[in-house]
Amino acid sequence: MATSAARLPPADYGRLIGRARRVDLIFAGAGLLVMLVAMGMLMALIVDLAVDGMGRLSWDFLTSFPSRRPERAGILSAWVGTSLVMIVTAFLAVPLGVGAGLYLEEYAPKNWMTDVIEINVTNLAGVPSIIYGLLALGLFVYAFGLGETILVAGMVLALLILPVVIVATREAIRSIPQEVREGAYALGADQWQTVRMYLLPAARPGILTGTIVGLARAIGETAPVITIGALTFIAFLPPAPVQPGFPFINFEWLNSPFTLMPIQMFNWISRPQAAFHLNAAAAGLVLLVMTLLMNGLAIYIRYRIRKGMR
Amino acid sequence: MSIRQAQRSGGVEVEAREVEAPERAERLAVPMAEPKGLTQQRTQAAAAPEPRAEPAKPKVEIRNLNFWYGDFQALKDISIPVGERQVTALIGPSGCGKSTFLRCFNRMHDLYPGNRYQGEILLYPDGINLVDRRTDPMLPRLRIGMVFQKPNPFPKSIYENVAAGLRIRGVRRKSLIDDKIELALKQASLWDEVKDRLGTSAYELSGGQQQRLCIARTLAPDPEVLLLDEPTSALDPISTARIEELVDGLREQYTIVIVTHNMQQAARVSQRTAFFHLGRIVEWNDTELIFTNPKESMTQDYITGRFG
Amino acid sequence: MAAATDTPPVASDELVRPSGFFLRRRRFADRLVRLILFAAASVSVFVTGGIVYILVGESVVFFSQVSIVEFLTDTQWTPLFSNARYGILPLLSGTIVVAGIALLVAIPAGTTLAIYLSEYAPAPVRETIKPLLELLEGVPTVVYGYFALLFVTPLLRYLIPGLPGFNMLAPGLVMGIMILPYVTSVSEDAMRAVPNHLREGAYALGFTRFQAATKVVVPGAFSGITAAYILGMSRAVGETMVVAIAAGQNPNLTFNPTEGAATITAYIVQVSLGDLPHGSIGYQTIFAAGLTLFIITLAFNIIGFYLRRRFREVY
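Since we're looking at a predicted model, the values are computed, not measured.

S.K.: Go over the packing of aromatic side chains, please, and point to the residues and values.
M.R.: By convention here, two paired aromatic rings are described through the distance between centres and the angle between planes. All names here are of chain C. Enumeration over the complete set of coordinates arrives at 23 aromatic pairs over all chains. Measuring from ring centre to ring centre gives 5.1 Å for F63 and F71, while their planes differ by 85 degrees; the resulting arrangement is edge-to-face. In this structure F71 comes out as buried when scored by relative accessible area, which is 3%. Grouping aromatic residues by their ring pairs yields a cluster made of F62, F63, F71, W77, Y86 and Y267.

Below, the structure is given as structure tokens:
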């Protein structure tokens, strides 16, 4: 009853296998080729930036304000602005993001409200960054009257990286085994105690990784900040956060105009003079090193987490 | 003697005889010499199934097979013939090497790093060594089919699942593919249930149906040997019974090796049984003899349920 | 998850026996915490609401002065000129061309790389490549813009003599490399989620790696791979700095990638750099353009959501 029409004689197997193995090899080659091209581009990018910008990197460059003369221009106001804005961003994004992540993982009941929140978080992760800028412009700068300030920049970047922090928090908490929770509840802890004393500490590395990745992204974000009106030629520093007299800390700097590293770079590269392009390369180098270091740190922490889990 | 065995041999009582060559276990129950130091003579088996004493030609012969997972030796010096057009059952407690042994036939272990074969698995009629490093792993897979413990149909339609093996072997003519699919599904006792919905997703079938689909998919390219790795352990008793019936029918055309942790299944379905323990074959013989008159006390202990 | 508000009775006399007051205070604290966390989670809803409110609000004002028909069909976008024209088509064509080039690079290359990482690469290779891809992802977009303008364009000039300084090809290609890591990592995650016993079934049948990857794993990961593509499309359309720097900011209704053009995003940046009085029609154009962009990405997200739901795999 069995028809053997499809059974090949042993000799043909050799040919079939040979042909199939060749296809396999070609595809593996293609995969490696893609990888090489991508890495090659990254290398080319770094080298190009270094070749153009290395010459301009100096102590003067880091401590001068921008200027109409390219050889005198520096990134002082830019990196100070970036640091201050990052402080605000972290200050806003971490509590909001961790809080939201905690709520969604541990507290949220399975109802329509929770669904709406989750859909929103997913959706916001896909919204282009410049739209956040438009939101901040219309709402924070004008409707709330906060003006084009460091505070608003911090707010818009915090909202931008909020989904990153939320997802990182959720993943970190989700990976905690159920036994830990059950043990805590069995001891008589209530929900907040369990979260505060057991879950959050265990999730800390994961949350930290997510925060670092988010901030690394925020450092390089230009579009939303330009939209809210960050000026590109700032030749002054915001008021210092600390002061010698009482109360030692002031918040005036939040209200100050400012510029950021990527904005400064954008400004320089938009000029036709090639000399400014060199400045842009140098600024870009500093920026790149900062983001690569932060991303590298996050990767390292994640590696340590995984090793710890083995 | 069980009713089934009586029906086959026509109620003839058989006696134990010391013979070296493997024989068709249906006609005579013949105990084999023990695996250690076994020498085999191959005899030609008659092609037609007639009720007379015929030695069974081995389809596969395993000689001194050793296998390591990394540093751990999982199979120790296995030597056993697998008779053509017979069902050979592998029984034994969990983790003693039955599935490991089965997966050597089609080089499944090559998919994971760190494994090592030593010895021979010879596939006849050409006598090629399947576990030789120089043999491409695809070769045994093209000639030998395997059905897994958990049904694993592809995320495609029923038709495409059964056609998969044919397509990669270069079969292109649609009429031929259609015929072979119908044949395979009939052999797997699934045709009547799905013939009107060949285009629907395989995941809409029940567990037992999915497993029969996997059997059909394996049969379509006419494998020379069929490996069944605990095919019914994930199924309900009714599906199990159907598949056992199936296997019994398939025996007429295919050489079958089945791993099972269910001794009754081995007794029902196979003509020859091998008992595995800690990576060795303790004893192998005609099924009837293994269960009624085992030579090793360990076999006796396992069969009577004293361990495992 | 229910909060455990009952404490077990304590045996020792030194320990505080939980009083009603103690339990009530804990319950209150617990509710307060829950409320605070809920507020944090609701921020995301308010953000979406805010976005819609602002975009639609300003656009309504805009559309009270410019007809929607003109907006959607006029072929010139010159809102800042004295003879202002408000046709969004040039910005749309710029966005589509650059995003199209980027996806033409990122989708085939990204999928190939994902298949390679998931089905071919041994573990050490995979563990090296994945962090490298993450680094690629982390490069700031201004830096990519610099690269596109001052390295890729001159390079392309060897192949295409006469290529203008601002063109759509260079940023398109660079954006492709920028999006590649996203497509690869989401696709690869989806493929790795395909259970191993499906692969074993394929290999046992005699499939090669390539056949198993394309005929079993990729169909089995279809919904995740679709998500990866949609994600890539959203990012391509929403990208700003690379195009603002390297494609120029001149609205140009064309599908020729060797010409410069402006995308929706580049236009918004251009206006924001200038000095437009709040409430002027020029100011409102960025919201109208932003609304168009938002609708496009929202459409992608919804399509992606439905595709994923429809093809969700049950192994």
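On we go from here.
S.K.: Could you give an account of the environment of W253 of chain A, naming the residues involved and the relevant values?
M.R.: Residues and elements named next belong to chain A. Along the chain, W253 falls in the loop between helix 9 (223–227) and helix 10 (261–269). Of the residues examined, W253 reaches a relative accessible area of 8% and is grouped as buried. Each C-alpha atom of the pair W253 and L137 lies 19 Å from the other, and the pair is 116 residues apart in sequence.

S.K.: Could you give an account of the interface of chain A and chain C, naming the residues involved and the relevant values?
M.R.: It is common to report an interface's size as the accessible area lost on association of the parts. Listed per partner, the contact involves 80 residues of chain A and 75 residues of chain C. Note on chain A versus chain C: buried area summed over both sides is about 7200 Å², and carbon and sulfur give 77% of it. Together, F27, L134 and F266 of chain A form the three largest contributors to the area buried by chain A at its contact with chain C, with a combined 9%. In this assembly, chain A and chain C are joined by one salt bridge.

S.K.: Quick rundown of the pairing of strand 10 (residues 280–286) of chain B? Include the residues and the values.
M.R.: Burial analysis of strand 10 of chain B places six of its seven residues in the buried class, the great majority of the element. As consecutive antiparallel partners, strand 9 (residues 272–277) of chain B and strand 10 of chain B are separated by two residues, and within that stretch L278 of chain B has a phi angle of approximately 50 degrees, a positive value.

S.K.: Which residues make up the pattern of salt bridges, and what values do they have?
M.R.: Per the stated rule, a full pass over the model turns up 31 salt bridges over all chains. Ionic pairing is found between R192 of chain C and E188 of chain C, a salt bridge with its closest N-O pair at 3.2 Å. Remark: E188 of chain C and R192 of chain C occur in helix 6 (residues 169–192); sequence separation between them is four residues, near one turn of the helix. Take R192 of chain C: its relative accessible area is 46%, and that puts it in the partly exposed class. Overall, the relative accessible area of 1% leaves E188 of chain C in the buried class. By sharing partners, the salt bridges in this structure join E105, E118, R170 and R174 of chain A into a single network.

S.K.: Lay out the packing of helix 8 (residues 191–219) of chain A against helix 1 (residues 20–63) of chain C with the relevant residues and their values.
M.R.: Packing of helix 8 of chain A against helix 1 of chain C brings their axes to within 8 Å, and their N-to-C directions diverge by 65 degrees. One finds that helix 8 of chain A runs roughly perpendicular with respect to helix 1 of chain C. Residues Q191, W192 and Q193 of chain A of helix 8 of chain A form the contact with helix 1 of chain C, whose participating residues are R26, D30, V33 and R34 of chain C.

S.K.: Describe the sheet that holds strand 8 (residues 255–259) of chain B, listing the residues and the values that go with them.
M.R.: Each strand in a sheet pairs with another by means of backbone hydrogen bonds, the pair being arranged parallel or else antiparallel. All names here are of chain B. On the basis of which strands lie adjacent, the open sheet formed by six strands has the order 6-7-8-3-9-10 and mixed pairing. The open sheet terminates on both sides in strands that have one partner only, identified here as strand 6 (144–147) and strand 10. In this sheet, neighbouring strand axes are inclined to one another by 15 degrees on average, regardless of whether the strands run parallel or antiparallel. With four bridges joining them, strand 3 (residues 87–91) and strand 9 adopt parallel strand pairing. When the sheet's bridge partners are listed, I91 is paired in strand 9 with F275. The sheet strands contacting helix 2 (residues 98–105) are strand 3, strand 6, strand 7 (225–229), strand 8 and strand 9, and the helix crosses strand 7 at an angle near 150 degrees.

S.K.: Tell me about the environment of Y144 of chain C, and name the residues and values.
M.R.: Inspection of the secondary structure assignment puts Y144 of chain C in helix 5 (residues 141–159). Here Y144 of chain C falls in the buried class, since its relative accessible area comes to 2%. Put simply, Y144 of chain C and V243 of chain C are 99 residues apart on the chain and 9.7 Å apart in space, counted from C-alpha to C-alpha. In contact with Y144 of chain C, other than residues within four places in its own chain, are L45 of chain A together with L136, V139, V174, M178 and V242 of chain C.

S.K.: Lay out the sheet that holds strand 2 (residues 72–83) of chain B with the relevant residues and their values.
M.R.: Residue and element names in this part refer to chain B. The antiparallel open sheet is built from four strands, whose spatial order is 2-1-4-5. Each of the sheet's edge strands pairs with one partner strand only, and the pair in question is strand 2 and strand 5 (128–129). Inspection of the sheet shows strand 4 (residues 115–123) paired to strand 5 by two bridges, in the antiparallel sense. Each bridged residue has a counterpart across the sheet, and for L122 the counterpart in strand 5 is N129. Its contacts with the sheet place helix 2 against strand 1 (58–69), strand 2 and strand 4, and it is angled at close to 115 degrees to strand 1.

S.K.: Which residues make up the domain arrangement of chain A, and what values do they have?
M.R.: Residues and elements named next belong to chain A. By the assigned domains, chain A splits into domain 1 (2–54) and domain 2 (57–309). Distance between the C-alpha centres of domain 1 and domain 2: 40 Å. Taken together, the contact between domain 1 and domain 2 spans seven residues of the former and eight residues of the latter. Taken together, domain 1 and domain 2 are joined by zero salt bridges. Counting across the interface, domain 1 meets domain 2 through two residue pairs in polar contact (both at pLDDT 80 or more). Of the residues in the side of domain 1 that touches domain 2, the class split is five nonpolar, one polar and one charged.

S.K.: Give me the lowdown on helix 7 (residues 207–219) of chain B, citing residues and values where you can.
M.R.: Residue and element names in this part refer to chain B. The end-to-end C-alpha distance of helix 7, which contains 13 residues, comes to 18 Å, matching closely the 18 Å that a straight helix rising 1.5 Å per residue would cover. Burial of helix 7 is extensive: 12 of the 13 residues sit out of reach of the surface. Three or more residues of helix 7 are buried, namely G208, Q209, Q210, Q211, R212, L213, C214, I215, A216, R217, T218 and L219.

S.K.: Which residues make up the packing of helix 7 (residues 196–204) of chain C against helix 8 (residues 209–220) of chain C, and what values go with them?
M.R.: Packed helices, taken two at a time, are described by the angle between their axes plus the distance between the axes. Residue and element names in this part refer to chain C. Where helix 7 meets helix 8, the closest approach of the two axes is 10 Å, and the angle between their N-to-C directions is 130 degrees. Of the possible angle classes, the one that applies to helix 7 and helix 8 is oblique. Where helix 7 crosses over helix 8, the handedness of that crossing is right-handed. Packed against helix 7, whose contacting residues are L198, R199, A202 and Y203, the element helix 8 presents R209, A212, V216 and V217 at the interface.

S.K.: Outline the nonpolar core, supporting the account with residue identities and numerical values.
M.R.: By size, the foremost hydrophobic cluster in this structure holds 227 residues, and its most contacted members are I62 and F101 of chain B. In terms of domain composition, this core takes at least three residues from each of domain 1 (2–54) and domain 2 (57–309) of chain A. Look past the residues within four positions of F101 of chain B in its chain and what remains in contact with it is I62, L65, L75, I78, I80, L90 and F276 of chain B. Listed in part, the 45 residues of the second largest apolar core include L166, L219, L246 and V282 of chain B.

Reading guide: rules and limits
- Residues numbered from 1 in each chain as written.
- Chains lettered and ligands numbered in written order.
- Predicted model: local features only at pLDDT ≥ 70, side-chain atom pairs only at ≥ 80, totals over all residues.
- Heavy atoms only, no water.
- Phe/Tyr/Trp six-rings, centres within 6.5 Å; stacked < 30°, edge-to-face > 60°.
- Buried < 20%, exposed > 50% of the residue type's maximum accessible area, 1.4 Å probe, protein only.
- Helix = DSSP H or I, 4+ residues; strand = E, 2+ residues; numbered from the N terminus.
- Contact = heavy atoms within 4.5 Å.
- Buried area = accessible area lost by both parts, 1.4 Å probe.
- Salt bridge = Lys/Arg side-chain N within 4 Å of Asp/Glu carboxyl O.
- Pairing = 2+ DSSP bridges.
- Axes fitted to C-alpha atoms, helices over the stretch in contact; angles between N-to-C directions.
- Parallel < 35°, antiparallel > 145°, perpendicular 65-115°, else oblique.
- Domains from an automatic or database assignment.
- Polar contact = N/O pair within 3.5 Å; in protein donor to acceptor, adjacent residues only side chain to side chain.
- Nonpolar A, V, L, I, M, F, W, Y, C, P; charged D, E, K, R; others polar.
- Expected span 1.5 Å × (residues − 1).
- Left-handed = near helix turned anticlockwise from the far one by under 90°.
- Core = buried A, V, L, I, M, F, W, Y, C linked by side-chain atoms within 4.5 Å.

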